[in-house]
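What follows is each chain in one-letter form.
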Amino acid sequence: MPYITKGLLKDFYLPDYADGSTVNLLASIIRSRGGKSPHKNLKGLDTRRLREARNVIYLVVDGLGVTQLERFLNMGKGKQFFAKHPWTTISSVFPATTAAAVTTFATGASPAEHAVLSWYLNLHDLGVVTMILPAITRTGSPLAREEFDLHAYLDLPSYIDSVKGRRGLISYEDIPQSRYSRAGTRWTDRMAARTLQGLERQIMAFVRKRGKKMAYAYWPEYDSNCHEHGVTHRKTDRHLRQIDESLARLVRKLQGTDTRLFVLADHGLIDAPVAQRIDLGAVPGFYGCLATITSGDARSVSCFVRPGRVKAFKEIVNRKLGHACVCTPGEVLLAMNAFGPGKPHKALANRAGDFFLMARPGYAFTATLPGWEPRFHVAYHGGMSADEVLVPLYSVQC
């Protein structure tokens, strides 16, 4: 993974978009099913054998970074699946956050191409900052009325759509039928599960369907546990143990089906101590410099600054927040292709923002709306640390 050795972002990390990221894995999978992608294949993956497999399933455990997996294994845990099978390290995308990463998993496009950069996304031409995955605004109201064509508006490029055979989305609760999911790839099969056992059943039901096919399976609850309890909490470890048991059961059930099962993650997380969780709304003068509320995530905050307040914004950040973050112009991240390869989405530059607050190790931000109480998690993601960007990749032939 590229390590930045100079400039504003010295000591941060970029994804390895050349041939070592989730973008490259998706390119390999799409080509193996007869589809097309402009991106390079994942280095070290036997694409010939992948093409021969009847089924390809990539199962994403939200939030399971390499650092967290290694800690789990070093404690002697994960013996049923995680410690039993070999794995390698690849990088996620930037920002290393669910919205950007799962949109790549659901389309094969890089964040530069799909421009879904963060949980909080500024849709400047609609005049609203949204929580894009549930398709609601920061205050909880619907993003737009039902007749609004979100598919046409987001204009997400999908290389998965070029796959001619079955393309399955197997996900949690209402995600497969959500407004956002229906705005992207035209999946031939959409299947939902509420439990790990249910996820196993749905994967097996999909595998038994006729013909060569591929499916994207997604489990979000490990990430939820990390946010709520922290990456080292016993409740988080207990759920990871349950995932380990579920994956072992799935591998046993898949034996003889000619299925290539990939298990990986969208990002990792890091804990932020209470003293290092910062509410930007409590920083004197900060909101007064903004054209709209911040977007982005807790460890990569996107700021849209009023032209006449740029100098004041920089002074406030340097004086009040310099210990916690590196303030980076959005145009710098665009110029270094931090959002990945490919033809940039028409909305990319406007959604990226004027400045990014890139959190230093152990720090996290929130931006409390007026009239609301501050809300913090224990663990966070979205930044450019190795803990967030590096994810494990298992490849099991069944």
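In this text, all values refer to a predicted model and were calculated from it rather than measured experimentally.

### Notes on the pattern of salt bridges
For the structure shown, the criterion picks out eleven salt bridges. We note a salt bridge from Arg71 to Asp237, for which the minimum N-O separation is 2.9 Å. Taken as a pair, Arg71 in helix H3 (residues 66-74) and Asp237 in helix H9 (residues 234-254) lie far apart in primary sequence, 166 residues in all. Taking the relative accessible area as the measure of exposure, Asp237 reaches 5% and is therefore buried. Of the charged contacts in the structure, one is a salt bridge between Glu388 and Arg299, with a shortest N-O distance of 2.8 Å. One end of the pair, Glu388, is in helix H13 (residues 386-389); the other, Arg299, is in the loop between strand E12 (295-297) and strand E13 (300-303), and 89 residues separate them in sequence.

### Focus: the sheet that holds strand E7 (residues 189-193)
Pairing in this open sheet of seven strands is mixed, and the strands run E2-E18-E9-E1-E8-E6-E7 from one edge to the other. Each edge of the sheet is formed by a strand with only one pairing partner; in this case those strands are strand E2 (87-91) and E7. On average, each strand axis in the sheet is inclined to that of its neighbour by 20°, with strand direction left out of account. Two strands pair when backbone bridges link them, and strand E6 (residues 166-172) and strand E8 (residues 213-219) are joined in this way by five bridges, in the parallel orientation. Note on E8: the bridge partner recorded for Arg167 is Met214. Contacts between helix H4 (residues 98-107) and the sheet are confined to strand E1 (55-61), E8 and strand E9 (259-264), with E8 contributing the most and set at about 160° to the helix.

### Description of a positive patch on the surface
Judged by side-chain charge, Arg234, Lys235, Arg238 and Arg241 come together as a positively charged surface patch. Here Arg234 lies in helix H9. Note on Arg234: relative accessible area 58%, which makes it exposed.

### Re H4
Residues that lie three or four places apart on an α-helix share one face, since the helix turns once every 3.6 residues. Here H4 lies mainly inside the structure; ten of its ten residues are buried. Buried residues in H4 make contact with helix H1 (22-32), E1, helix H5 (111-114), E8 and E9. Two residues or fewer after H4 comes Gly108, characterised by a positive phi angle close to 90°.

### What to know about the nonpolar core
Most often, soluble globular proteins keep nonpolar side chains buried together rather than apart. Core analysis: the biggest nonpolar cluster contains 104 residues, and Tyr58, Leu59, Phe82, Tyr216 and Phe262 have the highest contact counts within it. It is H9 that provides the largest number of residues to this core, a total of seven residues. Non-local contacts of Phe82, meaning those with residues more than four positions away in its chain, are made with Leu64, Leu69, Phe72, Leu73, Trp87, Leu240, Ile243, Asp244, Leu247 and Tyr394. Listed in part, the 22 residues of the second largest apolar core include Val283, Cys289, Cys325 and Phe355.

Rules used in this analysis
- In every chain, residue numbers begin from 1 and rise along the written sequence.
- Whole-chain, interface and lining totals are the exception, using all residues; otherwise, since this is a predicted model, local features are given only for residues with pLDDT of at least 70 and side-chain atom pairs are given and counted only at 80 or more.
- To get the side-chain values, all heavy atoms of the structure are used, and hydrogens and water are removed first.
- A side-chain nitrogen of Lys or Arg and a carboxyl oxygen of Asp or Glu constitute a salt bridge if their distance falls within 4 Å.
- Put simply, DSSP marks the helices as runs of H or I at least four residues long and the strands as runs of E at least two long, and each gets a number from the N terminus on.
- Using a 1.4 Å probe on the protein chains alone, a residue whose accessible area is under 20% of its type maximum counts as buried, one over 50% counts as exposed, and one in between counts as partly exposed.
- A pair of strands is labelled paired if DSSP reports no fewer than 2 bridges between them.
- Only the stretch in contact is used when a helix axis is fitted, and all axes are lines through C-alpha atoms; the angle between N-to-C directions ranges over 0 to 180 degrees.
- Only heavy atoms enter the contact rule, under which two residues are in contact if any of them lie within 4.5 Å.
- Patches here are clusters of residues that have more than 30% relative accessible area and form no salt bridge, with a 9 Å joining cutoff for like charges and a 5 Å cutoff for nonpolar side chains (Val, Leu, Ile, Met, Phe, Trp, Tyr).
- Areas reported here follow the Shrake-Rupley algorithm with a probe of radius 1.4 Å; residue values treat only the protein chains shown as occluding.
- His is not counted, nor are the chain ends, whereas Lys and Arg count as positive and Asp and Glu as negative.
- By convention, the point assigned to a charge is CZ for Arg, NZ for Lys, CD for Glu and CG for Asp.
- To form a nonpolar core, buried Ala, Val, Leu, Ile, Met, Phe, Trp, Tyr and Cys residues must be joined to one another through side-chain atoms within 4.5 Å.

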